Structures are given as structure tokens and as C-alpha cells.
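As a plain string of letters, each chain reads:
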Amino acid sequence: SQQGEEDPQALSIQEGENATMNCSYKTSINNLQWYRQNSGRGLVHLILIRSNEREKHSGRLRVTLDTSKKSSSLLITASRAADTASYFCATGTDSWGKLQFGAGTQVVVTP
Amino acid sequence: NAGVTQTPKFQVLKTGQSMTLQCAQDMNHNSMYWYRQDPGMGLRLIYYSASEGTTDKGEVPNGYNVSRLNKREFSLRLESAAPSQTSVYFCASSWTSGGLQETQYFGPGTRLLVL
């Protein structure tokens, strides 16, 4: 069973627009991580946010975490064609570092 | 630093054949993981190793075995491959200490097709 579920499943936007995707999870977490995967490639780590943090930024990326609602969001501002990829949230719930991944959001950014 | 490396990149097996997927990391991480990714899905944990000499089952361990050869290397073995094991396999590593987990870094993946 999947701990995290991303919404929407797919997102199509134009360059320059913002893209927002959400992740909901079921049980208490230690941390939540967002990853990007280009077609047929490995996963690239974007941001790790711990359960006692509410917001983190990295370049054009902004992640929020609301533990009361068991949800997180990833905002990509001023999107570029190179942002076209699948984005996954993954939750860490134990001290061994195991992650549970959602099914991902496919983002397509058209020029 | 190479980060996390995996071999081979691609492999085709016949049902019943065996093979070992190799993974190595050069980041001095204590924890290593094997995941599989099926089309349109997220990654699912097969096995993990919290430290050298220890391994434990993840969400989908059936049909697989692992070996944590040393701190750097963590291999995944399919003893008798089945078509249901057709997937992309990712190895990852991270530093975990005192319940605190850091970023997991992933290898490029191994595409496995079982006929």
C-alpha cells in the first residue's frame, strides 16, 4: 500500500507559469522528501522537509508541510521546459531511513 | 565522487535464470536500499541495510535476496527470475543516525526484462 498519494496525477502548463502539486499521507512521519525523475532516468533529490518544519525553499522550489492535515505541497515557480518530469513525494516514518513513495505527478511544460 | 553506481544498466533474462544486480556508493553512507519501479508507479522498497552486516525486508521482498558485502556495496540477487520481476531496479544510499534520516541518493537504475 502506498503511504503518499500525489495530486494531480498529471499537470500540463506553459513556460513561465507556476506548477503546484500536492502529496497526502496516512501515518505520522519523520520527514518528507520530494524527488524528480526525467523519463527513463534515475531520481534526483529536490528537498527534504522534517516533521518539525513547515516550509523550505530551494531556488524556484517551495515545499510546505502541514502535519495536522498530513499533506505537503511542491510549488515550482516560473516553470521551464526542462522542468518536464515526474515528481514524487516520499515519506520517512522510521529510524532506518526507509521511504514510501507515491505514484507521482507527471508535469509537462510546453514552450 | 561517482555517487551511487549500478551494474548492469540493462539485462534480459529467461524465466528461471538467476542474476545479481550490483550497487556501490562512495559517500560513506551507512544505509543502503533496493527499490523496484513498475510502469506508472512509484518506487517500492525490496530490501534495505541499515548498516554493514545487517539487512532487512522491505515492502516486496519475495523472490529476492541481498548481501551487504561491505560499507560500500549492496547487491540484489534474483535466484529464479519470473516475468513479474520485469521492472526497473534502483539502489539508493543515505546517512541515518539516531533516528535522523538524511537525503537518499539514487543510482541510475537497472532495466530488467524477464521473458
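Scroll up to find the structure.
Residue numbers run consecutively from 1 along every chain, following the written order of its sequence. Naming scheme: in the order in which they are written, chains are lettered from A and ligands are numbered from 1. A pLDDT threshold of at least 70 governs which residues receive local features in this predicted model, and a stricter bar of 80 or more applies before side-chain atom pairs are shown or counted, although totals over entire chains, interfaces and linings include all residues. Working from all heavy atoms in the structure, the side-chain values ignore hydrogens and water.

**Details of the pattern of salt bridges**
Residue and element names in this part refer to chain B. For the record, the criterion: The salt bridge criterion pairs a side-chain nitrogen of Lys or Arg with a carboxyl oxygen of Asp or Glu, the two atoms within 4 Å. Relative accessible area decides the class of each residue, using a 1.4 Å probe on protein chains only: under 20% of the type maximum gives buried, over 50% gives exposed, and in between gives partly exposed.
Throughout the structure, instances matching the rule amount to six salt bridges over all chains. The shortest N-O distance in the salt bridge between Asp38 and Arg44 comes to 2.6 Å. Note on Asp38: relative accessible area 11%, which makes it buried. Residue class for Arg44 comes out partly exposed when judged on its relative accessible area of 21%. Between Arg77 and Glu79 there is a salt bridge whose closest N-O contact spans 3.2 Å.

**Thoughts on the sheet that holds strand β1 (residues 5–7) of chain A**
Residues and elements named next belong to chain A. Stated precisely, the cut-off is as follows: When DSSP finds two or more bridges between two strands, those strands count as paired. Each helix is a run of H or I in the DSSP string that is no shorter than four residues. Each strand is a run of E no shorter than two, and both are numbered from the N terminus. Interaxial angle, 0 to 180 degrees, is taken between N-to-C directions of lines fitted to C-alpha atoms, where a helix line uses only the stretch in contact.
Strands sit in the order β1-β3-β8-β7-β6 across an open sheet of five strands; the sheet is antiparallel. The open sheet is flanked by β1 and β6 (55–58), the only strands paired with a single partner. Between one strand axis and the next, the sheet turns through 15 degrees on average, direction left out of account. Direction of pairing for strand β3 (residues 19–24) relative to strand β8 (residues 71–76): antiparallel, over a ladder of six bridges. Each bridged residue has a counterpart across the sheet, and for Cys23 the counterpart in β8 is Ser72.

**Looking at the nonpolar core**
Nonpolar side chains in soluble globular proteins tend to end up buried together. Definition in use: Take the buried Ala, Val, Leu, Ile, Met, Phe, Trp, Tyr and Cys residues and link them wherever side-chain atoms come within 4.5 Å; each set so joined is a nonpolar core. Residue contacts are defined here by distance: any two heavy atoms, one from each residue, within 4.5 Å place the two residues in contact.
In terms of nonpolar packing, the biggest core is built from 22 residues, with Met21(A), Leu32(A), Trp34(A), Leu74(A), Ile76(A) and Tyr87(A) touching the most fellow members. Residues contacting Tyr87(A), with those up to four places away along its chain left out, are Glu6(A), Met21(A), Tyr35(A), Arg36(A), Leu46(A), Leu74(A), Ile76(A), Gly104(A), Thr105(A) and Val107(A). With 20 residues, the next largest nonpolar core counts Trp34(B), Phe74(B), Leu76(B) and Ala81(B) among its residues.

**Re the pairing of β8(A)**
All names here are of chain A. Most of β8 is tucked away, with five of its six residues classed as buried. When strand β7 (residues 61–66) meets β8, the two strands line up antiparallel, connected through six bridges. When the bridges of β8 are listed, Leu61 appears paired with Ile76. In textbook terms, the turn of a hairpin is the stretch between consecutive antiparallel strands, and for β7 and β8 this stretch comprises four residues, one of which, Lys70, has a positive phi near 50 degrees.

**So, the interface of chain A and chain B**
Just so we agree on the cut-off: Note on terms: buried area is the combined drop in 1.4 Å-probe accessible area of two parts once they are placed together, counting the loss on both. Between N or O atoms, a polar contact is any pair within 3.5 Å; within protein, one atom must be a potential hydrogen donor and the other a potential acceptor, and residues adjacent in sequence are included only when both atoms are from side chains.
On the chain B side, the residues contacting the 24 residues of chain A number 24 residues. Summed over both sides, the interface between chain A and chain B buries roughly 1800 Å², with carbon and sulfur atoms accounting for 51% of that surface. Looking only at chain A, the three residues that lose the most surface to chain B are Leu43(A), Arg50(A) and Trp96(A), adding up to 25% of its buried area. Remark: the boundary between chain A and chain B carries one salt bridge. Residue Arg50(A) is joined to Glu102(B) by a salt bridge in which the shortest nitrogen-to-oxygen separation is 3.0 Å. One can count three residue pairs in polar contact (both at pLDDT 80 or more) joining chain A with chain B. Elements that contribute at least two residues to the side of chain A that touches chain B include exactly β4 (31–37), β5 (43–50), β9 (85–92) and β10 (99–101) of chain A.

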